[in-house]
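# Breakdown of the fold
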Amino acid sequence: NELLRQLTTLQSDFSSKEDVQKELDELRMTHAATLKEAQELKDVIDQTSELEQTIENLSDKVWILEDENSNLQRTIRELEESAEVAAEMEEVQSEELKMMLRDLEFKDAMVRNLEEAIKMQRRREEDFQRYVSEFRTSISTLQREKASLLALTEGDQGEKSQLLATSQKALAQAAQLAADAAETRKRDAKATFDMIDARSASYLSQRLEMFLPSGVVASELAAVKGEMILAKMADKAAVSLNSVEEVFNKAIEKGVAGLSEFNFLGEGDKSVLSDASSQQIATMVHQAEFASLTIEAASDALLLMAAGQWPELLSQEMSTDLGSLVLHSIGQLDLALSEQLNLLKQEGVLSPLRSSLSDLDQSVRSTRLALFRATDETGRSVVPTDWKPPGWEALKALSLGRFAALGATAVFASAINPMENTENEPPAPALPNLAAVLEKSKQSCATVLDVCKKLSNLPLDDTETLQSLNELSEEYQKTSSSLFDCAIATIKQQYIAKDEVDKCGVLLESVLMVSRKLAALMRKADIGEKNAAEFHNLSPESGDSWGGVTELASQVRGVDGDSEDVNYLMRARAIERQLSDAVQNEPKLLISNAKVASLEKSLASRSKEIAMQNARIAELESLI
């Protein structure tokens, strides 16, 4: 049974092995098919991945192509727009080209017309030169004929004509003398009344001075006299400058009147100076030097007056000390300036043969040294050495430069035609460039005079304008002084050369340029025409120096205070208060005097009693 079971088991196992073998074969076949399918799927997957990579590349290329396409479309649109703009520009350029061609044709026509006009002008100039040469030939012929006629008529007729001319001169001189005598009588009458008024004012001031106690007002009186002598000297300087300017203007007008377009020297010729011209040139140079010294003296006087009254600069005591110092230091300078002014007024000009400027120069230097280096008891300088009123330096420099330019212009005019020509001869032929220099120099003087008068309205608080004015004024003074020196060097010999005049012309251009800058500064600063006929109160050419300086100090003080708080007014009020207090305290003084008298009586009686007691004590001592 066991074997049967085993056999049965083996049979069943064998049958199952066959089935398993079959299944195994099937599985092998299936596995082989599966492997084949798997390989096919792998191949398909590989192909698919390659296709995806290709698709991605194609997609990227498509995007790139689309971007390039959009860029190309944008570029095409821009090119189309550029083409449209280019077409429009071509149209505009064609229009402009047509207009330029028309303008060019018009300009060509104008050039042809101008060339024709230049040719005509040249023909006219040639005709004019020929006419001038013929006219000069005619003049020389007429002069020769005149000389021959004068030689032929030197008999009775010549003597009669000479007598007739002499009588006409005498009549003209008599008429002029009669007019001068009438004018002199008017001036004498005015001077008489002025002398009476001045004498009355002098007596009035003396009597008023007597009313004041000397112990109270002695120092103040000395200060007032010093301030008044400063003002008097500054006013004398202004009158002197005005007189010198009148002489310069007369010489300039005479020289300009002697110019003629037919009376010029030829190329390369030299202008020979006559004796009258040489003498007048020396006089003009002497007067220019006098004007320079006078401006220095007047500017110092104005500076001292301004320092004594300027707000918050000097105390009342220092202002009084300054006035007293001036009184004892300025007398010699005032005397020297008065002598020159008297001579200038008497003779009409200041000739170097009659006046010497050495005394005036020495007085200016010594007075400046005495005043500006003086110290008080504490060793402090009475006059502040580092202070100057606003605009003072500019106004001084303008005056110095203006009179230097006037002197140079008067020298040029004197070389052409002097004021006094005793022989009544026509002006000598002048250099053409000298005439041009004279005209330009006269124009420069007129411009600067207008600037100086406009400066009467100069605001002292405009620092920018003041700084520019200081720079331009200093430059103007330097250029004008150089022009004056060049003018003197030009006429040192007895003739004037063209090259020397050209040097003066170059310097004159610099003077004109600075003059234009000054005029432009006046327009920029908007300084109006009010009081344009007067000079600034700090200018050496101002007439009323004391009134102008005190008015200016009051204006400056009134900006941030009371305009009445000026030194001379405060000093006057202080003395007034002292005198008022003395008058008000007179009853108290009487009572005090009565008390003192009673005390003196009591003291005398007590002294007698003491004397009697002393005598009694002496007797008792002698008895003992």
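Treat the numbers as computed from the prediction; the structure is a model and nothing was measured.

## A look at the overall build of the protein chain
A count of helical and extended segments in the protein chain gives 14 helices and 2 strands. Each of the 624 residues in the protein chain was classed as buried or not, and the buried ones make up 31%. Pairs at least 24 apart in sequence give 85% of the contacts found in the protein chain among residues at least 6 apart. Carbon and sulfur atoms provide 56% of the accessible area of the protein chain, an area that totals close to 40300 Å².

## Considering the pattern of salt bridges
According to the stated counting rule, one finds 18 salt bridges in the structure shown. R571 serves as the salt-bridge partner of E227, at 3.0 Å between the closest nitrogen and oxygen. Of this pair, E227 sits in helix α3 (residues 214-257) while R571 is found in helix α13 (residues 567-584), placing the two residues 344 residues apart along the sequence. Neither residue differs from the other here; E227 and R571 are each classed as buried. With its nearest N and O atoms 3.4 Å apart, the salt bridge here joins E619 to R616. Here E619 pairs with R616, and both are found in helix α14 (residues 586-623), just 3 residues apart, close to one helical turn. Linked through salt bridges whose partners overlap, the residues forming this network are E296, D300, R368 and K396.

## What to know about the environment of L241
Relative to the helices and strands, L241 resides in helix α3. Residue class for L241 comes out buried when judged on its relative accessible area of 1%. Spatially, the C-alpha atoms of L241 and L341 are 9.5 Å apart, while their sequence positions differ by 100 residues. Among all residues touching L241, those that are not within four sequence positions of it are A291, T294, I295, F403, P540 and E541.

## A closer look at a nonpolar patch on the surface
Nonpolar side chains collect at one region of the surface, where F128, Y131, F135 and I139 lie side by side and expose about 360 Å² of accessible area between them. Here Y131 shows up in helix α1 (residues 2-152). For Y131, a relative accessible area of 46% corresponds to the partly exposed category.

## Observations concerning the side chain of K396
Residue position: K396 is located in helix α8 (residues 392-416). Look at K396 and you get buried, because its relative accessible area is 15%. When near neighbours in sequence (up to four residues on either side) are disregarded, K396 contacts I295, E296 and S299.

## Observations concerning the packing of helix α10 (residues 463-490) against helix α11 (residues 498-525)
Where α10 meets α11, the closest approach of the two axes is 9 Å, and the angle between their N-to-C directions is 160°. In terms of orientation, α10 and α11 fall into the roughly antiparallel class. As for the relative orientation of α10 and α11, their crossing is left-handed in sense. Considered class by class, the residues forming the contact of α10 with α11 number 16 nonpolar, 9 polar and 6 charged.

## What about the confidence of the model for the protein chain?
Residues at a pLDDT of 70 or more form 88% of the protein chain, whose mean pLDDT is 80. Across the protein chain, the element-wise mean pLDDT spans from 68 in strand β1 (residues 271-272) up to 89 in α8.

## Considerations on the packing of helix α4 (residues 275-309) against helix α12 (residues 545-560)
Contact geometry of α4 with α12 gives a least axis separation of 10 Å together with a crossing angle of 40°. Between α4 and α12, the angle is such that the two are oblique. With respect to the hand of their crossing, α4 and α12 are arranged in right-handed fashion. Two secondary-structure elements touch here, α4 through L302, M305, A306 and Q309 and α12 through S545, W546, V549 and A553. In terms of residue class, the contact of α4 with α12 is built from 6 nonpolar, 2 polar and no charged.

## Points about the nonpolar core
Nonpolar side chains in soluble globular proteins generally cluster together in the buried interior. Counting 104 residues, the largest nonpolar core has F412, L455 and L469 as its most contacted members. At 17 residues, α4 tops the list of elements feeding residues into this core. Sequence-distant contacts of L469, defined by excluding residues within four places in its chain, comprise A394, L398, L455, L458, L518, L521 and M522.

## Comments concerning helix α6 (residues 331-347)
When the terminal C-alpha atoms of α6 are compared, their 25 Å separation across 17 residues agrees well with the 24 Å that a helix rising 1.5 Å per residue should span. Turning to α6, its buried residues are L333, D334, A336, L337, Q340, L341, L343 and L344. Looking at the residues trailing α6, positive phi occurs at G348, about 85°.

## Regarding the environment of E312
Position of E312 among the secondary structure elements: in the loop between α4 and α5 (316-329). A distance of 3.4 Å separates a polar atom in the side chain of E312 from a polar atom in the side chain of R557.

## Describing a negative patch on the surface
Taken together, the side chains of E78, E80, E81, E84, E88, E90, E91 and E95 present a region of like negative charge at the surface. As for its position among the elements, E81 is in helix α1. Overall, the relative accessible area of 49% leaves E81 in the partly exposed class.

## A short note on the side chain of E296
By the element assignment, E296 lies in helix α4. A distance of 2.9 Å separates a polar atom in the side chain of E296 from a polar atom in the side chain of R368. Those residues within four positions of E296 in sequence are excluded, and the remaining contacts are V364, R368, K396 and L400.

What counts and how
- Residues numbered from 1 in each chain as written.
- Predicted model: local features only at pLDDT ≥ 70, side-chain atom pairs only at ≥ 80, totals over all residues.
- Heavy atoms only, no water.
- Helix = DSSP H or I, 4+ residues; strand = E, 2+ residues; numbered from the N terminus.
- Buried < 20%, exposed > 50% of the residue type's maximum accessible area, 1.4 Å probe, protein only.
- Contact = heavy atoms within 4.5 Å.
- Areas by Shrake-Rupley, 256 points an atom, 1.4 Å probe, with all protein chains shown as cover.
- Salt bridge = Lys/Arg side-chain N within 4 Å of Asp/Glu carboxyl O.
- Patch = residues over 30% accessible without salt bridge, like charges linked within 9 Å, V, L, I, M, F, W, Y side chains within 5 Å.
- Axes fitted to C-alpha atoms, helices over the stretch in contact; angles between N-to-C directions.
- Parallel < 35°, antiparallel > 145°, perpendicular 65-115°, else oblique.
- Left-handed = near helix turned anticlockwise from the far one by under 90°.
- Nonpolar A, V, L, I, M, F, W, Y, C, P; charged D, E, K, R; others polar.
- pLDDT = per-residue confidence, 0-100.
- Core = buried A, V, L, I, M, F, W, Y, C linked by side-chain atoms within 4.5 Å.
- Expected span 1.5 Å × (residues − 1).
- Polar contact = N/O pair within 3.5 Å; in protein donor to acceptor, adjacent residues only side chain to side chain.
- Lys, Arg positive; Asp, Glu negative; His and termini not counted.
- Charge placed at Lys NZ, Arg CZ, Asp CG, Glu CD.

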